[in-house]
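An overview of the molecular structure
Residues per chain are reported as follows:
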Amino acid sequence: EEAAAKEEKIGAWSSVKMVLSNKYALIIMVAAMVQCLVSTTSSSMSVYYFTYVYGDTAAAAIPGFVSIIVLLAIGLMPKLVARWGNSRTVMYSLILGIAASLLRYIMPRNLVWYTICSALSGLGGLPLAYLLQIMLIDAMQFGKWKDGAAPEGVYSSVLNIAKKLGLGIGAGLMGLILQMGSLA
């Protein structure tokens, strides 16, 4: 009862300023936003890729099926985190994902190559998707240490806000790209 009485209420604006002054929370927000932006644009682009580049929309099912198999790699996550820690696991996997995303366009009409690169790209995104929440909790603990308080409510909304921004920006970006390419 005394501890609750001593605990000071944090105002809404002060809470937001605490989160925005936490560089690790900002990095996590940007990562979540970019993740959703990339996910939205790549999903939308695959329809146009298989329609206009590959020429067979039915073939889109093959990389899609392989991406389901990639989910089995979740079992490797504890070993990777134990070896490299959260942030390095995410960093190394994102390097793999970005490289695979770029390499897939070396031979854009080769379905086997495209599928392998898509699978590696999917593997590269898994750790980010699964570790962002844990890393946000770490950032919140850092903020509590730095500021003496951690507005849990604001921290818990950070990923949702960032993801909504990423989805919105990604959808808008796809609209612009399609309009510029006269595909819309």
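Now for a quick tour of the structure. (Residues numbered from 1 in each chain as written. Predicted model: local features only at pLDDT ≥ 70, side-chain atom pairs only at ≥ 80, totals over all residues. Heavy atoms only, no water.)

Below, the discussion takes up helix H7 (residues 111-147). Over its 37 residues, H7 runs 52 Å from end to end, which matches the ideal 54 Å to within 8%, given 1.5 Å per residue. Remark: the principal bend of H7, roughly 45°, maps to leucine 131. Its side-chain oxygen 3.1 Å from the backbone nitrogen of valine 112, asparagine 110 forms the N-cap of H7. After H7 finishes, the residue glycine 148 shows a positive phi value of roughly 85°. (Helix = DSSP H or I, 4+ residues; strand = E, 2+ residues; numbered from the N terminus. Expected span 1.5 Å × (residues − 1). Bend = angle between axes of the 7 residues up to and from the residue. Polar contact = N/O pair within 3.5 Å; in protein donor to acceptor, adjacent residues only side chain to side chain.)

So, about the side chain of threonine 89. Along the chain, threonine 89 falls in helix H6 (residues 86-103). Those residues within four positions of threonine 89 in sequence are excluded, and the remaining contacts are Leu80, Val81, Trp84, Pro127 and Leu131. (Contact = heavy atoms within 4.5 Å.)

On to the packing of helix H3 (residues 23-53) against H7. Relative to each other, H3 and H7 sit at 155°, their axes nearing to 9 Å. Judged on the interaxial angle alone, H7 and H3 are roughly antiparallel. Here H3 and H7 pass one another in a crossing that is left-handed. From H3, Tyr24, Ala25, Ile28, Ala31, Ala32, Gln35, Ser46, Tyr49 and Phe50 reach across to H7, where they touch Leu111, Tyr114, Gly125, Leu128, Ala129, Leu132, Met135, Leu136, Ala139 and Phe142. Looking at side-chain class alone, the contact of H3 with H7 contains 16 nonpolar, three polar and no charged residues. (Axes fitted to C-alpha atoms, helices over the stretch in contact; angles between N-to-C directions. Parallel < 35°, antiparallel > 145°, perpendicular 65-115°, else oblique. Left-handed = near helix turned anticlockwise from the far one by under 90°. Nonpolar A, V, L, I, M, F, W, Y, C, P; charged D, E, K, R; others polar.)

This next bit is on the packing of aromatic side chains. The full count for this structure, using the stated rule, is eight aromatic pairs. Taking the centre distance of 5.8 Å and the plane angle of 70° together, the rings of phenylalanine 50 and tyrosine 54 count as edge-to-face. Arranged with centres 5.4 Å apart and planes meeting at 85°, the rings of phenylalanine 50 and tyrosine 114 form a pair that is edge-to-face. Linking phenylalanine 50 in helix H3 with tyrosine 114 in helix H7, this pair joins segments that are 64 residues apart in sequence. Take tyrosine 114: its relative accessible area is 5%, and that puts it in the buried class. Grouped by ring-pair contacts, the aromatic residues Tyr49, Phe50, Tyr54 and Tyr114 constitute a single cluster. (Phe/Tyr/Trp six-rings, centres within 6.5 Å; stacked < 30°, edge-to-face > 60°. Buried < 20%, exposed > 50% of the residue type's maximum accessible area, 1.4 Å probe, protein only.)

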